Amino acid sequence: MFKPNEGTTDRVIRLILGLTLVIVGFFVKGLISVLLIILGIILFITGVTGFCGLYALLGINTKK
């Protein structure tokens, strides 16, 4: 459906950072917790799919 626009390094960084933010989000309290978990999930999903909507809007492509 969407053409991948993330390279391998970009995807790995997003996966690691996404998982880290979700884990940290469970140890923090309040609104920060919710924001960290949501951001982590978004990063993880973009890392898995290889497509970033913001990259598409800005015309960025890290995939070679």
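Refer to the structure printed above.
Residues numbered from 1 in each chain as written. Predicted model: local features only at pLDDT ≥ 70, side-chain atom pairs only at ≥ 80, totals over all residues. Heavy atoms only, no water.

1. Observations concerning the pattern of salt bridges
So, step 1. Within the structure shown, the criterion is met by two salt bridges.
So, step 2. In this structure, R14 and E6 form a salt bridge, with 3.3 Å as the shortest nitrogen-oxygen distance.
So, step 3. D10 is paired through a salt bridge with R14; the nearest N and O atoms lie 3.1 Å apart. Here D10 pairs with R14, and both are found in helix α1 (residues 8-27), just four residues apart, close to one helical turn. (Salt bridge = Lys/Arg side-chain N within 4 Å of Asp/Glu carboxyl O. Helix = DSSP H or I, 4+ residues; strand = E, 2+ residues; numbered from the N terminus.)

2. Comments concerning the side chain of N5
So, step 1. Along the chain, N5 turns up in the segment before α1.
So, step 2. Given a relative accessible area of 5%, N5 falls into the buried group.
So, step 3. Polar side-chain contacts of N5 include one of 2.9 Å to the backbone nitrogen of C52.
So, step 4. Among residues more than four places away in sequence, those in contact with N5 are G50, F51, C52, Y55, A56, I60, N61, T62 and K63. (Buried < 20%, exposed > 50% of the residue type's maximum accessible area, 1.4 Å probe, protein only. Polar contact = N/O pair within 3.5 Å; in protein donor to acceptor, adjacent residues only side chain to side chain. Contact = heavy atoms within 4.5 Å.)

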